[in-house]
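# Chains, contacts and geometry: an overview
Now for the letters of each chain:
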Amino acid sequence: MELSRLRAEVARLKRENEIIKKAAANFAKRCSVKNAWIAGNSKTYSLAEMCSVFEVSVSGHRAWQRGAIPGRKRLTDVQMRAIFRAIHAELKGVWLHEIHLMMN
């Protein structure tokens with residue numbers, strides 16, 4: 001059982017090493033380069049393997065593929081509520097004004 005576990009570990013390490021060797025010539029420290037390489041080699045290696053080797057989260061890579069802005073921060077719940085309240089207050093005034101105009 002231990003021998004099987006060790007063989008699997010050796011196989012995983014060989015694949016990681018192969019990924020690194022193939023990517024080394026093209027690599028910069030920018031996330032976009034890492035993500036582009038991962039996307040270009042998705043048929044050869046698993047996404048989880050490549051993300052692990054290059055220290056890129058799977059969700060981060062998928063966001064990059066969808067065109068997300070790197071390093072963008074999410075708003076906190078408090079910030080979102082403040083924005084929603086401001087939009088609601090602004091639109092409520094517009095709707096009431098439009099209804100008033102339609103009724104007169």
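Refer to the structure printed above.
Listed in full, the ten residues of the largest apolar core are I19, A23, W37, I38, Y45, M50, C51, V53, F54 and V56. Where this core is concerned, the elements lending two or more residues are helix 1 (2-24), helix 2 (31-40) and helix 3 (47-53). Among the elements that make up this core, the one with the highest residue count is helix 3 (three residues).

Before going further, it helps to spend a moment on helix 2. Along helix 2, the positions that sit buried rather than exposed are K34, N35, W37 and I38. With its buried residues spanning 160 degrees around the axis, helix 2 presents them on a single face.

Within this structure, the stated rule accounts for two aromatic pairs. Pairing W37 with Y45 gives two aromatic rings, centres 6.4 Å apart and planes at 20 degrees, and the pair type is stacked. The pair formed by W37 and Y45 is uniform in burial state, with each residue classed as buried. Using a relative accessible area of 10% as the deciding quantity, one classes W37 as buried. Members of the aromatic cluster, connected to one another through ring pairs, are W37, Y45 and F54.

Calculation rules
- Residues numbered from 1 in each chain as written.
- Predicted model: local features only at pLDDT ≥ 70, side-chain atom pairs only at ≥ 80, totals over all residues.
- Heavy atoms only, no water.
- Core = buried A, V, L, I, M, F, W, Y, C linked by side-chain atoms within 4.5 Å.
- Buried < 20%, exposed > 50% of the residue type's maximum accessible area, 1.4 Å probe, protein only.
- Helix = DSSP H or I, 4+ residues; strand = E, 2+ residues; numbered from the N terminus.
- Arc of directions from axis to C-beta.
- Phe/Tyr/Trp six-rings, centres within 6.5 Å; stacked < 30°, edge-to-face > 60°.

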